[in-house]
Amino acid sequence: MASSFSEGAFLKLATEGVQQLVPYQPGKPVEELERELGIANSIKLASNENPLGPGPQALEVIKDLLPSINYYPDGGGYALSEKLAQKHQVDAANITLGNGSNDILELVTRAFLTPQHSAVFSEYSFAVYPIVVQAVGARANIAPAFAEDHATMPLGHDPEALLSQIEDNTRIIFIANPNNPTGTWLTPAQLEDLFASIAQDIIIVLDLAYTEYMDENLRPPIKQWLEKFPNLVVTQTFSKVYALAGLRIGYSISNPEIADILNRVRQPFNTNLLAQSAAIASLDDTEHVTKSVAMNNAGKQFLQQAFDDMQLAHLPTMGNFISVNVKQNGAALYDRLLQQGVIVRPVANYDMPEYLRVTIGTQSQNERFIDTLKQCLES
Ligand SMILES: Cc1ncc(COP(=O)(O)O)c(C=O)c1O
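Residues numbered from 1 in each chain as written. Predicted model: local features only at pLDDT ≥ 70, side-chain atom pairs only at ≥ 80, totals over all residues. Heavy atoms only, no water.

Turning our eyes to something else, we now look at the site of the ligand. As a matter of local geometry, the ligand sits amid Gly100, Ser101, Asn102, Phe126, Asn180, Asp207, Ala209, Tyr210, Thr237, Ser239, Lys240 and Arg248. Within the side chain of Asp207, an N or O atom sits 2.6 Å from a nitrogen atom of the ligand. Within the side chain of Thr237, one N or O atom sits 2.5 Å away from an oxygen atom of the ligand. When the ligand sits alone it has 400 Å² of accessible area, and the protein chains cover 94% of it. Broken down by class, the residue content of the shell around the ligand amounts to 3 nonpolar, 6 polar and 3 charged. (Near = heavy atom within 4 Å. Polar contact = N/O pair within 3.5 Å; in protein donor to acceptor, adjacent residues only side chain to side chain. Areas by Shrake-Rupley, 256 points an atom, 1.4 Å probe, with all protein chains shown as cover. Nonpolar A, V, L, I, M, F, W, Y, C, P; charged D, E, K, R; others polar.)

All right, on to unusual backbone geometry then. Cis rather than trans, the peptide bond between Asn177 and Pro178 has omega equal to 0°. Look at the link from Asn180 to Pro181: it is a cis peptide, with omega at 15°. Within the element layout of this structure, Pro181 appears in the loop between strand E5 (170-176) and helix H9 (188-196). One non-glycine residue, Tyr124, adopts positive backbone phi at about 60°. Looking at the element boundaries, Tyr124 is found in the loop between strand E3 (118-122) and helix H7 (128-135). (Helix = DSSP H or I, 4+ residues; strand = E, 2+ residues; numbered from the N terminus.)

As a further point, take the sheet that holds strand E11 (residues 345-346). Strand pairing in a sheet takes place through backbone hydrogen bonds and is either antiparallel or parallel in direction. In spatial order, the strands read E9-E12-E11; together these 3 strands make up an open sheet with antiparallel pairing. For this open sheet the edge positions go to strand E9 (321-325) and E11, each flanked by a neighbour on one side alone. Across 2 bridges, E11 lies against strand E12 (residues 355-359) in antiparallel orientation. By the bridge assignment for E12, Arg345 is matched with Arg357. In the packing of helix H14 (residues 330-339) onto the sheet, the strands contacted are E11 and E12, and the crossing angle to E12 comes to about 45°. (Pairing = 2+ DSSP bridges. Contact = heavy atoms within 4.5 Å. Axes fitted to C-alpha atoms, helices over the stretch in contact; angles between N-to-C directions.)

With domains assigned, the chain is organised as domain 1 (24-53 + 287-378) and domain 2 (57-284). Using only C-alpha atoms to locate each centre, domain 1 and domain 2 end up separated by 25 Å. Buried surface at the junction of domain 1 and domain 2, summed over both partners, amounts to about 2300 Å²; 66% is from carbon and sulfur atoms. Of all residues in domain 1, the largest losses of buried area upon contact with domain 2 belong to Pro316, Met318 and Tyr350, amounting jointly to 31% of the total for that side. Our count for the domain 1 to domain 2 interface comes out at 0 salt bridges. Between the two partners, domain 1 and domain 2, sit 9 residue pairs in polar contact (both at pLDDT 80 or more). (Domains from an automatic or database assignment. Buried area = accessible area lost by both parts, 1.4 Å probe. Salt bridge = Lys/Arg side-chain N within 4 Å of Asp/Glu carboxyl O.)

Structure below.
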């Protein structure tokens, strides 16, 4: 029988929210670039991964477990949840495991949003928030960020603006701290004031993907805040400082009732066997974390100094990346860097067309990036 479907016919069948979705654009994989350009030795500073690679303890566990991947993982993630509960001084009932913290962001929207609801987040905040909100057909209320000439936090979250976007039908507010792609942050005192002004029937998602890179005095007192704000869902990940992005493992800490709701929505085996055990090992490997953070701090200083020397304005950052204003079309400059085997991230999709976001790499990667950037800016 001849098909009666024409192009676009399936899209018309999709839900309204999905029809309008713009897919997330991941950083270009090294292998793909090298194949396309016929080059070798390229470097990827595009997805805020840990350039040191996974720690030795995590690698050991993964090798040991490889012969067991014929078995399903522990669907409840008992050992990892216990370990995380210990780390955060909460109960395992407060923990929900996710296939990356993106999984948790999606679980929250599926559990709490319908097309009759809205979610609030800031301009220039993480690209996954609009996707997960749109996917369930809910509305995104986007708060203006601080202006580019703001004295301390250019393009950062503005608490007043966030509050003013809340409506009667708002069910979730997303706050990334520090935020990606800007790197900007709110202090614990600012966050606490903000949370105190949000009604407790609105779920506050505090996305702490980069929290380990923050100065210690800026990291939130999670346990204390959970007691004070029962509507708080803190998300964290093993993709950044713990260097397990490829295994996809993240988690949330919340009131047990919210954790129970999220656990109802998730797939029964949403986190895999290798990821669960590697995550436990990486939590134990404090040496690798300390080394990664120290390298990030040194790399941050190096890059910031280099940008200053080149008179390129850059946003303040507490993450493992920096957004720099290149004073020209960022996408075109990104392409020129690509030709030289340096992959960074253009951020026009975040409405920052003159910026590039670069992940802080190893010292040699940072040097190569700066040298190549200089060449590309001169050419
Ligand atoms: C702010 C923020 N939140 C969450 C994530 C998601 O990380 P993952 O799903 O790998 O845990 C990222 C990743 O880049 C991020 O930048």
